[in-house]
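# Structural features, examined
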Amino acid sequence: MLKEYLSAKKLSLWHQMLNKARKIVIVGHASPDGDSMGAALAMFLYLKHLGKQTVVVMPNAFPEFLNWMPESKRVINGQFNPGTARGMFDNADLLICVDFSGRERLEEMNTWLDEYTFPRIIIDHHLNPELSADLLISDPDASSTSEIVYCLLEQLGYYNDMSRECAMCIYCGMMTDTGGFTYSSSRPEIYYIISQLLTKGIDKDKIYRKVYHNYSVDRLRLMGYILNEKMVYHEEYHTSCFAITREDMERFHFKKGDAEGLVNIPLEIKGAKLSISLREDTEKDLIRVSLRSVDDFPCNKMAAQFFNGGGHLNASGGTLYCNMEEALATVNEAMAAFGKLLKDNQN
């Protein structure tokens, strides 16, 4: 039922690379989400089981609502601890990249990919992998990279020895990258994997609460403010858009992760097709863009064409290097360009 991602040739290469590796670095993308963390930590726990010296490095901080994840305290923040992160790369002889396959996803750490020439494995589910790898494990049809990691670990014979903690990480990654299994999650294999993870003793309801019911009062007030004061619904295009400024974030004592999931809420509007979130970065002069859609509207194509980004059919992101006024103008251009699809594909 499950995919086997390693052909006989790739399986042999996998074992060769791991057998030769003494110190392994697992790296995820900048602004790590539940899938990046889940896939990285699950792979960390597997390699720890094998007795490998392994570390997880993220380009910057992960959201506070993920700090319950097993082994998350071991994750090295490349932004705040660049010396430590560099030291790990200096001593490594194998790099495993999870949940990204484009160098821009590493932000400031992207130049490291050219500086270090040790073997590289990429495990990812995004379209059009850009980075070269000695071993590429890629499946854009997978719900998440964590799903791929589960299939990979089962193929490698780890299921019987899989710990509850490893299962928790995989489940969290799959859950968060599908919005609680509300999009990109209609394939039966996904629920087979969930059933197998449940046999490891995970409490899926508790994981849900830890992720989605773990916000501050300020975050809830921010959500109410955004929906009441900032969200604009373009009825003609069945599209909502809201902008979060630095002033807004300061007012509501914004912490990393407080904007997580907000872009999904406007899709609850009857007939809504697309939701777009614009957020000023707290450290750089740029705007983070998140897009979510329903049914067959390709927000990944809109992200690529207008927002310097990409992603999946119903969940994508991008970056704009302009001010908020210009960003809102770009949203208007994008809606007009995709107007026929937005108008014709109503719920």
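Read on for an overview of the structure. Model, not experiment: these values are computed from the prediction.

Reading the values: rules and limits
- Residues numbered from 1 in each chain as written.
- Predicted model: local features only at pLDDT ≥ 70, side-chain atom pairs only at ≥ 80, totals over all residues.
- Heavy atoms only, no water.
- Helix = DSSP H or I, 4+ residues; strand = E, 2+ residues; numbered from the N terminus.
- Buried < 20%, exposed > 50% of the residue type's maximum accessible area, 1.4 Å probe, protein only.
- Contact = heavy atoms within 4.5 Å.
- Pairing = 2+ DSSP bridges.
- Axes fitted to C-alpha atoms, helices over the stretch in contact; angles between N-to-C directions.
- Salt bridge = Lys/Arg side-chain N within 4 Å of Asp/Glu carboxyl O.
- Core = buried A, V, L, I, M, F, W, Y, C linked by side-chain atoms within 4.5 Å.
- Parallel < 35°, antiparallel > 145°, perpendicular 65-115°, else oblique.
- Left-handed = near helix turned anticlockwise from the far one by under 90°.
- Phe/Tyr/Trp six-rings, centres within 6.5 Å; stacked < 30°, edge-to-face > 60°.
- Lys NZ or Arg CZ within 6 Å of the ring centre and 35° of its normal.
- Arc of directions from axis to C-beta.

### Section: the overall build of the chain
When you go through the chain residue by residue, the secondary structure sums to 13 helices and 12 strands. Each of the three principal axes of the chain carries a C-alpha extent, and together these read 55 × 45 × 35 Å. Each of the 347 residues in the chain was classed as buried or not, and the buried ones make up 54%. Once local pairs closer than 6 in sequence are excluded, the contacts in the chain between residues at least 24 apart make up 67%.

### So, the sheet that holds strand β8 (residues 239-244)
Within the open sheet, the six strands sit side by side as β7-β8-β9-β10-β12-β11. Their pairing is mixed. At either end of the open sheet lies a strand with only one pairing partner, and these are β7 (232-234) and β11 (310-311). Along the sheet face, helix α9 (residues 217-230) touches β7 and β8 and points at about 120° away from the line of β8. Sheet contacts for helix α11 (residues 299-306): β9 (274-280), β10 (287-293), β11 and β12 (315-320); angle to β12, the most-contacted strand, approximately 10°.

### Here's the deal with the pattern of salt bridges
Under the definition given, this model contains 18 salt bridges. Close ionic contact of R103 with D114 constitutes a salt bridge, the shortest N to O distance being 3.1 Å. Of this pair, R103 sits in the loop between β4 (94-98) and α4 (112-115) while D114 sits in helix α4, placing them 11 residues apart in sequence. In this structure, D296 and K273 form a salt bridge, with 3.4 Å as the shortest nitrogen-oxygen distance. In this pair, D296 sits in the loop between β10 and α11 while K273 sits in the loop between α10 (246-251) and β9, placing the two residues 23 residues apart along the sequence. Put simply, E107, E108, D281, K284 and R288 are held in one network by salt bridges that share partners.

### Some points on the nonpolar core
Of all hydrophobic cores here, the largest spans 63 residues; its most connected members are W14, M43, I96, I123, L153 and L197. Here this core takes 10 residues from helix α2 (residues 34-49), the largest share from any one element. Not counting residues within four places of it along the chain, the set of residues in contact with I123 comprises M43, I96, C97, V98, D99, I137, T145, I148, V149 and L152. Residues C241, F297, C299 and V331 belong to the second largest nonpolar core, which totals 23 residues.

### Describing the packing of α2 against helix α6 (residues 164-176)
Each pair of packed helices gets described by two things: the angle between the helix axes and the distance between those axes. Their axes nearest at 7 Å, the elements α2 and α6 cross at an angle of 160°. Between α2 and α6, the angle falls in the class roughly antiparallel. In this structure, α2 meets α6 at a crossing whose hand is left-handed. Of the residues in α6, those in contact with G34, D35, G38, L41, A42 and L45 of α2 are E165, C166, C169, I170, C172, G173 and T176.

### Concerning the packing of aromatic side chains
Under the defined criterion, the tally for this structure stands at 12 aromatic pairs. Taken together, the aromatic side chains of F89, W112, Y116 and F118 make up a single cluster linked through ring pairs. Taking the ring centre of Y215 as reference, the NZ or CZ of R219 above it sits at 3.8 Å. Geometry around Y225 places R251 over its ring, the cationic atom sitting 4.7 Å from the centre.

### What to know about the sheet that holds strand β1 (residues 23-27)
Either a parallel or an antiparallel arrangement is found when strands of a sheet pair, and the pairing is made through backbone hydrogen bonds. Taken together, six strands build an open sheet; the order of strands is β3-β2-β1-β4-β5-β6 and the sheet is parallel. Looking along the sheet, the strands with just one partner apiece sit at the ends: β3 (76-77) and β6 (135-138). Across four bridges, the pairing between β1 and β4 is parallel. What sits directly across from V25, in β4, is L95.

### Thoughts on the environment of Q155
Mapping Q155 onto the fold places it in helix α5 (residues 145-155). For the pair Q155 and T117, spaced 38 residues apart in the sequence, the C-alpha separation amounts to 28 Å. When near neighbours in sequence (up to four residues on either side) are disregarded, Q155 contacts E4, Y5 and L6.

### Focus on unusual backbone geometry
With phi around 70°, D99 is a residue other than glycine that occupies positive phi space. Positionally, D99 belongs in the loop between β4 and α4. Note on D99: relative accessible area 2%, which makes it buried. Not every positive phi belongs to a glycine, and E107 is a case in point at roughly 50°. With respect to the element layout, E107 can be found in the loop between β4 and α4.

### A look at α11
If you check which residues of α11 are buried, you get C299, N300, M302, A303 and F306. For α11, the angular spread of buried residues about the axis comes to 160°, placing them on one side. Seen from the buried face of α11, the exposed residues on the opposite side, beyond 90 degrees, are K301 and Q305. Against the buried residues of α11 lie β9, β10, β11, β12 and α12 (324-337). After α11 finishes, the residue N308 shows a positive phi value of roughly 55°.

### Remarks on the side chain of N300
As for its position among the elements, N300 is in helix α11. The exposure class of N300 is buried, given its relative accessible area of 13%.

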